Amino acid sequence: MAPIDYNERIPNNVSLTENRRLLRALEDWQPKFLEWWHDMGPEGFQSRDVYLRTAVSVDAKGWAQFGYVKMPEYRWGIFLAEPETDRRINFGDHQGQPAWQDVPGEYRGTLRRLIVTQGDTEPASVEQQRHLGRTCPSLYDLRNLFQVNVEEGRHLWAMVYLLDAHFGRDGREESEALLQRRSGDHDKPRILGAFNEKTPDWLSFFMFCFFTDRDGKYQLASLAESGFDPLSRTCRFMLTEEAHHMFVGESGVGRIVQRACELMREHTTDDVRKHGGIDLPTMQKYINFHCSVSLDLFGSEVSTNAANFYTAGLKGRFEETKKADDHRLKDGVYPVIGLDGEKIVTRQEAALVSLNERLRDDYVADCQRGVNRWNEIIKSHGVDFTLTLPHRAFRRAIGAFAEVRVSPDGRIISQAEWDARHRDWLPTEEDEAYVGSLMKPVTERGKMAGWIAPPARGVNSQAEDFEYVRLS
Ligand SMILES: [Fe+2]
Ligand SMILES: [Fe+2]
């Protein structure tokens, strides 16, 4: 396996210099990427030194490299996980055949769409988060935001590499289009709904990292099972970066919860807004919003597309190879919730068409583990409050529940009840205005905004007052 070569204009471990055509395509794309980064990347901090980590190899030790970098000089590159010798296709109709090193002609269009859809989310989140730096709660958080942003930029590189290397002219056109769509733009929006939502404040940012980046984890994990080996290896390395984004989300929300509990104890009141905190009922509303938006990203409960991706060997299940079944699923069943008139029911559906729902199940279980850890924080302060995930039928725009109104506890309700209650369940303009009012930048070393607790430890074990971003 080639080590990562940082002397190259495009750092990579795929021996790029040996493929002149591909190298030229990527070198042609690089300035366009940088132009996009300047236009749509973090606003106001492009010339600052940021304490970032850079991958130096794709093994576990490869993350040890920390240092000050100006973001436009970040070494975005192309890193694939180590190849597995004699890797096979592990599921679907081609099970047992050698994994593909080239795109199989019959799946070209499908595979390209899968890669473009994943790729589109990467620059989208950078665009969504571009104004957040101006209101950071601390230098520590500012640095974490930028780390997430440069890595999403690298994920875009990862997908563009696949498109340019394996899809010829179509791929190059898609690579350009990835830089042209804009999150939230009326005329040229990003492909998926959640990636056109606003991320107006840091609470939304942490929720996004927890819920929406976690969708990314599950999508990448199923693509990491792909029979198309370059996609599998690309996604396996991306997953190591994604883990950090979810850490930022979970710990960010956890620190806000902690601060709320501290203020409740200190002032013996539930009304922590009076003391500049974010109250737990408001946290619950943000959970309801971000969870429901992210659940939609998994698609319809019953999906022939998902079945086709699987049968073709393109997209597997989460931890496919750890599952002990036939990996073809031709005659299995799977429990899927759906509507029966006015009732929510569970039906046994054919396993193959239920793959979206199965992935959503894995995702929900993972989210619940994080919520449990937040509840531990609440309990440890002796506060009587439990955060919960909304029922998965709540506020859905895609799938079986898109047409009905459902309460967070999973009752089908009338439009009238929805109208009367939704302000109790979702952030209102007042809630957003209150959260917005807290968003004042704190950029002194070692200082922290009053609505969030300090982190348990510094990045790379740095001291509390470490200068994560040099602003002067
Ligand atoms: Fe990503
Ligand atoms: Fe991410």
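Preceding this paragraph is the structure being described.
Thresholds applied
Residues numbered from 1 in each chain as written. Chains lettered and ligands numbered in written order. Predicted model: local features only at pLDDT ≥ 70, side-chain atom pairs only at ≥ 80, totals over all residues. Heavy atoms only, no water. Disulfide = S-S within 2.5 Å. Helix = DSSP H or I, 4+ residues; strand = E, 2+ residues; numbered from the N terminus. Buried < 20%, exposed > 50% of the residue type's maximum accessible area, 1.4 Å probe, protein only. Lys, Arg positive; Asp, Glu negative; His and termini not counted. Salt bridge = Lys/Arg side-chain N within 4 Å of Asp/Glu carboxyl O. Polar contact = N/O pair within 3.5 Å; in protein donor to acceptor, adjacent residues only side chain to side chain. Contact = heavy atoms within 4.5 Å. Donors = N, O, S within 2.8 Å, 3.2 Å for Na, K, Ca; no water. Tetrahedral: all angles 85-135°; square planar, octahedral: opposite > 155°, others 65-115°. Pairing = 2+ DSSP bridges. Axes fitted to C-alpha atoms, helices over the stretch in contact; angles between N-to-C directions. Expected span 1.5 Å × (residues − 1). Parallel < 35°, antiparallel > 145°, perpendicular 65-115°, else oblique. Nonpolar A, V, L, I, M, F, W, Y, C, P; charged D, E, K, R; others polar. Phe/Tyr/Trp six-rings, centres within 6.5 Å; stacked < 30°, edge-to-face > 60°. Lys NZ or Arg CZ within 6 Å of the ring centre and 35° of its normal. Patch = residues over 30% accessible without salt bridge, like charges linked within 9 Å, V, L, I, M, F, W, Y side chains within 5 Å. Areas by Shrake-Rupley, 256 points an atom, 1.4 Å probe, with all protein chains shown as cover. Charge placed at Lys NZ, Arg CZ, Asp CG, Glu CD.

Draft legend 1. Layout of the state of the cysteines. Applying the stated rule across the entire model yields zero disulfides. C209 supplies the cysteine sulfur nearest to C235, a cysteine that is in no disulfide, at a spacing of 19 Å.

Draft legend 2. Looking closely at the side chain of K315. Within the secondary structure, K315 is located in the loop between helix 8 (304-311) and strand 3 (333-340). For the buried K315, which has no salt bridge, the nearest side chain bearing the opposite charge is D215, at an N-O separation of 7.4 Å. Here Q219 takes part through its side chain, which lies 2.7 Å from a polar atom of the side chain of K315. Those residues within four positions of K315 in sequence are excluded, and the remaining contacts are F91, L114, Q219, S222, L223, F309 and Y310.

Draft legend 3. Quick peek at the coordination of the iron ion (ligand 2). Those donors, E152 (OE), D213 (OD), E242 (OE) and H245 (ND1), are the protein atoms that reach the iron ion (ligand 2), and they lie 1.9 to 2.2 Å from it. The site at the iron ion (ligand 2) holds four donor atoms, and with the angles between them running 89 to 172°, its shape is irregular. Taken in sequence order, the residues that donate to the iron ion (ligand 2) follow the motif E-x60-D-x28-E-x2-H. The metal-metal distance between the iron ion (ligand 2) and the iron ion (ligand 1) comes to 3.4 Å, with E152 coordinating both. Residue E242 and its partner H245 are located together in helix 6 (residues 229-267), separated by three residues, close to a single helical turn. Its relative accessible area of 2% is what places E242 among the buried residues. What makes H245 buried here is its relative accessible area of 0%.

Draft legend 4. View of the environment of R130. With respect to the secondary-structure elements, R130 resides in the loop between helix 2 (108-128) and helix 3 (139-166). Each C-alpha atom of the pair R130 and P200 lies 9.5 Å from the other, and the pair is 70 residues apart in sequence. Leaving out residues up to four positions away in the same chain, R130 has contacts with D39, M40, G41, P42 and E43.

Draft legend 5. Here's a closer look at the sheet that holds strand 1 (residues 49-54). The three strands lie next to each other as 2-1-7, forming an open sheet whose pairing is antiparallel. A single partner strand is all that each edge strand has here, and the edge strands are strand 2 (65-70) and strand 7 (469-470). The pairing of strand 1 with strand 2 spans six bridges and is antiparallel. Bridge pairing in strand 2 links D49 to K70. Here helix 3 sits on the sheet in contact with strand 1, strand 2 and strand 7, set at roughly 50° to strand 1.

Draft legend 6. Representation of the coordination of the iron ion (ligand 1) within the structure. Here the iron ion (ligand 1) is held by the protein donor atoms E122 (OE), E152 (OE) and H155 (ND1), which lie 2.0 to 2.2 Å from it. Each donor residue of the iron ion (ligand 1) belongs to the same chain, with the gaps between them written as E-x29-E-x2-H. Here E122 falls in the buried class, since its relative accessible area comes to 2%.

Draft legend 7. How the structure looks around helix 2. Compared with the 30 Å implied by 1.5 Å per residue over 21 residues, the 31 Å span of helix 2 between its first and last C-alpha is a close match. Of all 21 residues that make up helix 2, 15 are buried, and the element is covered over most of its length.

Draft legend 8. Main features of the packing of helix 1 (residues 20-40) against helix 2. Close contact between helix 1 and helix 2 brings their axes to 9 Å; oriented N to C, the two are set at 30°. In terms of orientation, helix 1 lies roughly parallel with respect to helix 2. Contacts between helix 1 and helix 2 involve W36, W37 and M40 from the former and P123, V126 and E127 from the latter. Each residue belonging to the contact of helix 1 with helix 2 can be placed in one class, and the counts come to five nonpolar, no polar and one charged.

Draft legend 9. Looking closely at the packing of aromatic side chains. As enumerated under the stated definition, the model contains 31 aromatic pairs in all. Centroid distance F33 to W36: 5.6 Å. Interplanar angle 40°. Geometry classified as tilted. Taken together, the positions of F33 and W36, both in helix 1 and three residues apart, correspond to about one turn of that helix. Aromatic rings pair up to connect W29, F33, W36, W37, Y74, W76 and W157 into one cluster. Above the face of the F210 ring, R214 is positioned so that its terminal group lies 4.2 Å from the ring centre.

Draft legend 10. Local environment of the side chain of S292. Looking at where S292 falls in the secondary structure, it is placed in helix 7 (residues 280-296). Given the relative accessible area of 0%, S292 is considered buried. A distance of 3.0 Å separates a polar atom in the side chain of S292 from a polar atom in the side chain of R395. Each residue touching S292, except ones within four places of it in the same chain, is listed here: F394, R395 and R396.

Draft legend 11. Representation of a positive patch on the surface. On the surface, a cluster of positive charge is made up of R20, R21, R24 and R172. Relative to the helices and strands, R20 resides in helix 1. By relative accessible area, which is 52% here, R20 ends up exposed.

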